[in-house]
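# Descriptive structure summary
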Amino acid sequence: MTTIAVIGPGAIGGTVAAWLAQNPDFRLTLCARTPLDDLRIETPNGVITANPMVLTDPSTAQPVDWVLVATKTYDVDSTKAWLDRLVVQGTRVAIIQNGVEHVRLFEHLVPADQLVPVIINLPAVRTALGRIVQSRKGFIWAPAGHSGDEFAALFAHTDIEAAADADFLSRAWIKLCGNCGAIVPSLTLRATGPVWSDDLEAIVRGVAEECAAVGRAEGAIVPQSVVDGTVSNARDSREGSIAGSLHADRLAGNRMEIDARNGVIVRLGAKHGIPTPMNKVLVTLLAASGSPWVAGT
């Protein structure tokens, strides 16, 4: 029996937990702030349900084989009480979060050799506590190697396609480059497509070009086609569409992961001496918009 704890059963954590719970050889535990009765996920192939153990008090948690962290990046330190109880020697901690700094954010809480950074593409929206709509098939990537291979194997009997990638660094930066343009509709609070112009294209392209340049300086391979795809997706967005979690959080008045999505481009750009004026301006404006935001550390 493989024991798995999921910290943060929101849209992503809840969907991943429900899929894993379909395997009778896994014993799932949800680590949550608010108690919930069960999980019900509307997937592209039908509804799946799960009834994992739900804990709201970290002191009641027991060590497990795997911990999957699916909190927002700004909530890293809130996981400490859970990790202190769940993690022992041999426990692997998979970090399912946005951005490119998974290990840096958690290495003060868990030994780095027990951390498994994870990139996920799983369109899911929580409609109520324990109720989630997954709109498309999910994809997960971890670094190639023993831990990454074993993490990917956890999903062998699910509809989420998981793989261990030999160039995880590039995978992470490619995703960030594809998502970084969402800061524009997060500021304007509307889709970019219906108001597209040459000037708006220059802004979106500038944000993506800066991201790609910083990623390349970090050692990632980011093809020019990724930058072009970011621009194309912004140009083709429809009225009323939401450009990912940053935009959705701004619309809902929630705290946003600006540092993980665009602030990191500015910070690492400065480290490499790469100018990132477009990202810096937009991050500054979004920080001044009145929405909740905490600068990166």
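Everything quoted here is computed from the prediction, not taken from an experiment.

### A word on the sheet that holds strand 6 (residues 66–69)
Pairing is mixed across the open sheet formed by eight strands, whose spatial order is 5-2-1-6-7-8-11-12. Sheet topology places strand 5 (53–55) and strand 12 (161–165) at the edges, where each strand pairs with a single neighbour. On average, adjacent strands in this sheet sit at an angle of 25° to one another, irrespective of strand direction. As paired strands, strand 2 (residues 26–31) and strand 5 are joined by three bridges and run parallel to one another. From the neighbouring strand, Leu-30 faces strand 5, where its bridge partner is Val-54. Lying over the sheet, helix 1 (residues 11–20) contacts strand 1 (2–7), strand 2, strand 6, strand 7 (92–96) and strand 8 (115–121), oriented at roughly 160° with respect to strand 2. The sheet contacts of helix 5 (residues 168–179) involve strand 8, strand 11 (139–143) and strand 12, and relative to strand 8 the element is tilted by about 40°.

### What to know about the packing of helix 7 (residues 198–217) against helix 8 (residues 224–236)
It is the contact of helix 7 with helix 8, at a shortest axis distance of 9 Å, that shows an interaxial angle of 150°. Between helix 7 and helix 8, the angle falls in the class roughly antiparallel. For the crossing formed where helix 7 meets helix 8, the hand is right-handed. Between helix 7, through Glu-201, Val-204, Arg-205, Ala-208, Glu-209, Ala-212 and Arg-216, and helix 8, the contact on the second element is made entirely by Gln-224, Val-227, Asp-228, Thr-230, Val-231 and Ala-234. For the contact of helix 7 with helix 8, the per-class residue count stands at six nonpolar, two polar and five charged.

### Description of the packing of aromatic side chains
Overall, the coordinates contain three aromatic pairs when judged by the stated rule. Between Phe-139 and Trp-141, the ring centres sit 6.2 Å apart and the planes meet at 15°, which makes this aromatic pair stacked. You can call Trp-141 buried: its relative accessible area is 16%.

### Some details on the confidence of the model for the chain
With 97% of its residues at a pLDDT of at least 70, the chain reaches an overall mean of 94. Confidence drops under a pLDDT of 50 for residues 292–297, and excluding neighbours within four residues, the segment shows twelve contacts in the predicted structure.

### Quick look at the pairing of strand 2
Within strand 2, five of the six residues are buried, which leaves the element mostly enclosed by the surrounding structure. Summarising the sheet, strand 1 and strand 2 pair through six bridges and their orientation is parallel. Within the sheet, the bridge partner assigned to Thr-2 lies in strand 2 and is Phe-26. Following the backbone out of strand 1, through helix 1 and into the adjacent parallel strand 2, one traces a crossover that is right-handed.

### Some remarks on the sheet that holds strand 9 (residues 124–128)
If you trace the four strands from one edge of the open sheet to the other, you get 4-3-10-9, paired in mixed fashion. Only two strands of the sheet have a single neighbouring strand rather than two, namely strand 4 (46–50) and strand 9. The sheet shows a mean angle of 20° between the axes of neighbouring strands, taken without regard to direction. With three bridges connecting them, strand 3 (residues 39–43) and strand 10 (residues 131–134) associate as parallel partners. Across the sheet, residue Ile-41 finds its bridge partner in strand 10, namely Ile-132. Contacts from helix 1 reach strand 3, strand 4, strand 9 and strand 10, with the element oriented near 90° to strand 3.

### Some remarks on the side chain of Asp-259
Mapped onto the elements, Asp-259 comes out in helix 10 (residues 258–272). There is a polar contact of 3.0 Å between the side chain of Asp-259 and the side chain of Arg-267.

### Re helix 9 (residues 244–252)
When helix 9 is considered as a whole, its buried residues turn out to be Leu-246, His-247, Asp-249 and Arg-250. When helix 9 is viewed along its axis, its buried side chains cluster within an angular range of 160° and face the same direction. At the C-terminal side of helix 9, Gly-253 shows a positive phi close to 75°.

### Structural notes on the nonpolar core
Ile-4, Leu-20, Leu-68 and Phe-151 are the most contacted members of the largest nonpolar core, which totals 32 residues. Here this core takes six residues from helix 1, the largest share from any one element. In contact with Leu-68, not counting residues within four places along its chain, are Ile-4, Ala-5, Val-6, Ile-7, Val-16, Leu-20, Ala-94, Ile-96 and Phe-151.

### A closer look at the pattern of salt bridges
Going through the model one piece at a time under the given rule, you end up with 17 salt bridges. Measuring nitrogen to oxygen at the nearest pair gives 2.7 Å for the salt bridge that ties Lys-80 to Asp-84. Of this pair, Lys-80 and Asp-84 are both found in helix 2 (residues 80–86), four residues apart, which corresponds to roughly one turn of the helix. Its relative accessible area of 46% is what places Asp-84 among the partly exposed residues. The shortest N-O distance in the salt bridge between Arg-104 and Glu-101 comes to 3.1 Å. Since its relative accessible area comes to 13%, Glu-101 is described here as buried.

Conventions and cut-offs
Residues numbered from 1 in each chain as written. Predicted model: local features only at pLDDT ≥ 70, side-chain atom pairs only at ≥ 80, totals over all residues. Heavy atoms only, no water. Pairing = 2+ DSSP bridges. Helix = DSSP H or I, 4+ residues; strand = E, 2+ residues; numbered from the N terminus. Axes fitted to C-alpha atoms, helices over the stretch in contact; angles between N-to-C directions. Contact = heavy atoms within 4.5 Å. Parallel < 35°, antiparallel > 145°, perpendicular 65-115°, else oblique. Left-handed = near helix turned anticlockwise from the far one by under 90°. Nonpolar A, V, L, I, M, F, W, Y, C, P; charged D, E, K, R; others polar. Phe/Tyr/Trp six-rings, centres within 6.5 Å; stacked < 30°, edge-to-face > 60°. Buried < 20%, exposed > 50% of the residue type's maximum accessible area, 1.4 Å probe, protein only. pLDDT = per-residue confidence, 0-100. Right-handed = clockwise from strand over helix to strand, strands pointing away. Polar contact = N/O pair within 3.5 Å; in protein donor to acceptor, adjacent residues only side chain to side chain. Arc of directions from axis to C-beta. Core = buried A, V, L, I, M, F, W, Y, C linked by side-chain atoms within 4.5 Å. Salt bridge = Lys/Arg side-chain N within 4 Å of Asp/Glu carboxyl O.

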